[in-house]
Amino acid sequence: MLVKARSLGTQLIVSLGILLSIFGIVQGVSSYRLALVGVNALLDDRLSDVAVRIRDVFEAAIPHSSSGSGNADDLVVLVWTDHHKTPTRTTDSTVVFNRDSPGGFSDQVVNREAWRVYTLVTYDEVIQVAQRVSVRQHIAERSAVRALLPIFVLIPAVWVTVYLCVRRAFGPLKRLGRRAQAIDSAHLTPLPADGLPVELDPFVSSINRMIERLDESMQLERHFISDAAHELRTPLTALKLQADNLRPDIAPGNRERFLALHRGIERTSAMVSQLLQMARAEAQVSTSEPVELDVTEVVTSVVSELLPIATQKRIDIGADELMPARVRATESDMRAVVKNIVGNALRYTPEGGAVDLRVHPGEGVAHIVVQDTGPGIPEALLPRVFDRFFRVSQSAEGSGLGLAIVRAIVTRYGGTVTLRNRDDGQSGLRAEVTFPLI
Ligand SMILES: Nc1ncnc2c1ncn2[C@@H]1O[C@H](COP(=O)(O)OP(=O)(O)OP(=O)(O)O)[C@@H](O)[C@H]1O
Ligand SMILES: [Mg+2]
């Protein structure tokens, strides 16, 4: 079973993004915790500082009794002198801490509120400076959240950076993929090796070696076909000549068999010249230089050449639309294409049928459309009719090379050829060739 491969780029982006985000989050959480601890330590320092200053300088500033400023953020300061059960001085007489707590920091609950208390014990008094735990928490959290802010900005920035870096790194790979996709038997061009990551070198050089070998073997095959066809031409011509010479001496009883032999020789000669034509078309070499020509003129000339066949089969061959369409090609290539397509339409359309031709320019290409009233081609076999020697039925004469030649020529010029059965309720085939306009 073929498992659809996931994109390497997406996998990299997701895994790197997740990894870096986890780092960011861990970093954020630890910054948050450190900030909490740090701020609490600072607040503790403040409590002990205030206690020391009160002992040394400001004791007189603390009132003997006060109901507090009403501001919950304020520190509360209590001063106890010996023997007294209540504080001698206080900034908020609504709260009284345990005066017997040991010197230093302690957490106490007074009036159901938690307090952080610093107790400073001197030889004649006890000074207590306190702050609500809820206020301290609030201050600490505000600072800790500020420590988190850069992480919130960093994580999206990390994703964007990872995405851009991976996309940039995979750019050459994508371009290479597009080049590799364009390779087929008609375009065996090696893949470019420059500008690629070194990791791809082994792949590219092995694909290029394969392309080279494929190209060589295809060239060998084409040479063999063309050599074989050449070699066969001479003995076939001699055979035909000898048969022609024999014609007057054939006994009347053998005439039919002689004619069959003659037709066989002619068919073989035709096949040999088609093989040569195909080898040339596939080798991408033209016998002459391409020139500017009008498709309509070629179509008209081919039709007049094939008119005797149409007349003989009583096929109504006509043109709905013949517009000028100029292309650059050799006349023999253009004629071969049109002759094969129109020839097929005439060959496979039964007597009394009709063949319609159309030539019109459009979207940068010349369209040549040939429609007939023949049997069409079974849908399942349509993709195979361009294969060499493939024939749907053996009822009519033919070698099965015509469409292979058409496709080789058309592809060489950057055009297309498509066959489909008619969809207008009428049986028959619709062949369409496109050729780039000048
Ligand atoms: N217009 C058409 N209508 C029906 N069948 C067609 C038509 N054109 C082509 N075909 C089918 O496609 C097959 C391949 O066509 P192709 O032109 O390649 O070979 P061919 O006509 O048999 O031989 P030749 O090499 O002489 O052209 C044909 O044998 C025929 O069965
Ligand atoms: Mg044909």
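Check the entry above for the structure.
Positions within a chain are numbered from 1, following the residues in the order the chain's sequence is written. Written order determines the labels here, with chains lettered from A and ligands numbered from 1. Local features are withheld for residues below a pLDDT of 70 in this predicted model, meaning they are given only at 70 or higher, and side-chain atom pairs are given and counted only at 80 or more; totals for whole chains, interfaces and linings count all residues. The side-chain values count all of the structure's non-hydrogen atoms but skip hydrogen atoms and water molecules.

Brief notes about the overall build of the protein chain
So, point 1. To qualify as a helix, a DSSP run of H or I must reach at least 4 residues; to qualify as a strand, a run of E must reach at least 2; elements of each kind are numbered from the N terminus. In terms of regular secondary structure, the protein chain is built from seven helices and twelve strands.
So, point 2. Put simply, the radius of gyration uses C-alpha atoms, and a globule should come to 2.2 Å times the residue count raised to 0.38. Taking 22 Å as the expected radius of gyration for a compact globule of 438 residues, we find that the protein chain reaches 48 Å, considerably beyond that expectation.
So, point 3. For the protein chain, the spread of C-alpha atoms along the three principal axes comes to 160 × 50 × 45 Å.
So, point 4. Relative accessible area decides the class of each residue, using a 1.4 Å probe on protein chains only: under 20% of the type maximum gives buried, over 50% gives exposed, and in between gives partly exposed. Per-residue burial for the protein chain yields a buried fraction of 38% across its 438 residues.

Let's talk about helix 3 (residues 201-246)
So, point 1. Multiplying 1.5 Å by the helix residue count minus one yields the expected span of that helix. Between its first and last C-alpha, helix 3 extends 67 Å over 46 residues, near the 68 Å set by a 1.5 Å rise per residue.
So, point 2. Buried within helix 3 we find V204, N208, I211, R222, I225, S226, A229, L236 and A243.
So, point 3. Any pair of residues with heavy atoms lying within 4.5 Å of one another is described as a contacting pair. Its buried side turned inward, helix 3 meets helix 2 (133-181) and helix 4 (255-282).

Points about helix 7 (residues 402-412)
So, point 1. Among the eleven residues that make up helix 7, nine are buried, leaving the element largely enclosed by the rest of the structure.
So, point 2. Of the surrounding secondary structure, the elements contacted by the buried residues of helix 7 are helix 4, helix 6 (331-348), strand 11 (416-421) and strand 12 (429-436).

Side note on the sheet that holds strand 9 (residues 354-362)
So, point 1. Spatial strand order, 7-9-10-12-11: five strands in an open sheet with mixed pairing. Whereas interior strands pair on both sides, the edge strands pair on one side only; in this sheet they are strand 7 (316-322) and strand 11. Averaged over neighbouring strand pairs, the angle between their axes works out to 15° when direction is ignored.
So, point 2. Contacting strand 7, strand 9, strand 10 (365-372), strand 11 and strand 12, helix 6 runs over the sheet at an angle of about 20° to strand 10. A pair of strands is considered paired only if DSSP assigns at least 2 bridges between the two. Each axis is a line fitted through C-alpha atoms, taken for helices only over the stretch in contact, and angles between the N-to-C directions span 0 to 180 degrees.

As for the site of ligand 1
So, point 1. Working definition: residue near molecule or strand if any one of its non-hydrogen atoms lies within 4 Å of it. In the vicinity of ligand 1 lie 20 residues, with Y348, D372, R391, L401 and L403 positioned nearest.
So, point 2. In the environment of ligand 1, an oxygen atom lies 2.7 Å from a nitrogen or oxygen atom belonging to the side chain of R391.
So, point 3. A total of four residues in the shell around ligand 1 trace back to one element, the largest contributor, which is helix 6.
So, point 4. Side-chain classes follow a simple rule in which Ala, Val, Leu, Ile, Met, Phe, Trp, Tyr, Cys and Pro form the nonpolar group, Asp, Glu, Lys and Arg form the charged group, and the remainder, Gly included, forms the polar group. Its residues assigned to classes, the shell around ligand 1 shows nine nonpolar, eight polar and three charged. By the criterion applied in these results, polar contacts are pairs of N or O atoms within 3.5 Å in which, for protein atoms, one can donate a hydrogen and the other can accept it, and in which residues neighboring in sequence qualify only through two side-chain atoms.

Overview of the environment of T94
So, point 1. Within the secondary structure, T94 sits in the loop between strand 2 (89-90) and strand 3 (104-110).
So, point 2. On a C-alpha basis, the gap between T94 and G195 in space is 80 Å, while along the polypeptide they are 101 residues apart.
So, point 3. Apart from residues no more than four positions distant in its own chain, T94 is found in contact with S66 and N111.
So, point 4. Polar contacts involving the side chain of T94 include one to the side chain of D92, which spans 2.5 Å.

So, the packing of aromatic side chains
Two numbers describe a pair of aromatic rings. These are the distance of the centres and the angle of the planes.
So, point 1. Working definition: a ring pair exists when centres of Phe, Tyr or Trp rings (six-membered ring for Trp) sit within 6.5 Å. Plane angles under 30 degrees give stacked, over 60 give edge-to-face, the rest tilted. This model, assessed by the stated rule, comprises three aromatic pairs.
So, point 2. Relative to Y118, the ring of F105 has its centre 4.7 Å away and its plane inclined at 50°; by these criteria the two rings are tilted. Here Y118 lies in strand 4 (residues 113-121) and F105 lies in strand 3, a separation of 13 residues in the sequence.
So, point 3. For F105, a relative accessible area of 34% corresponds to the partly exposed category.
So, point 4. A residue is classified by how much of its surface remains accessible, and Y118, at 13% relative accessible area, is buried.

Some points on the nonpolar core
So, point 1. Only buried residues count toward a nonpolar core, which is a set of Ala, Val, Leu, Ile, Met, Phe, Trp, Tyr and Cys residues joined through side-chain atoms within 4.5 Å. V295, M334, L419 and F435 are the most contacted members of the largest nonpolar core, which totals 60 residues.
So, point 2. An automatic or database domain assignment is the source of the domain bounds shown. When residues of this core are assigned to domains, at least three fall in each of domain 2 (198-282) and domain 3 (291-436).
So, point 3. Aside from chain neighbours lying at most four places away, what touches F435 is V327, A329, M334, G364, V365, A366, V410 and Y413.
So, point 4. Counting eleven residues, the second largest nonpolar core, distinct from the first, contains A51, I62, L75 and L120.

Focus: the side chain of R391
So, point 1. By secondary structure assignment, the location of R391 is in the loop between strand 10 and helix 7.
So, point 2. For this count, His and the chain ends are skipped, Lys and Arg are scored as positive, and Asp and Glu as negative. Salt bridges are identified by distance alone: a Lys or Arg side-chain nitrogen within 4 Å of an Asp or Glu carboxyl oxygen. Here R391 is buried and forms no salt bridge, its nearest opposite-charge partner E397 lying at an N-O distance of 8.3 Å.
So, point 3. Residues within four places of R391 in sequence aside, it is in contact with Y348, A396, E397, G398, S399 and G400.

Any functional reading would require information that these geometric values do not contain.
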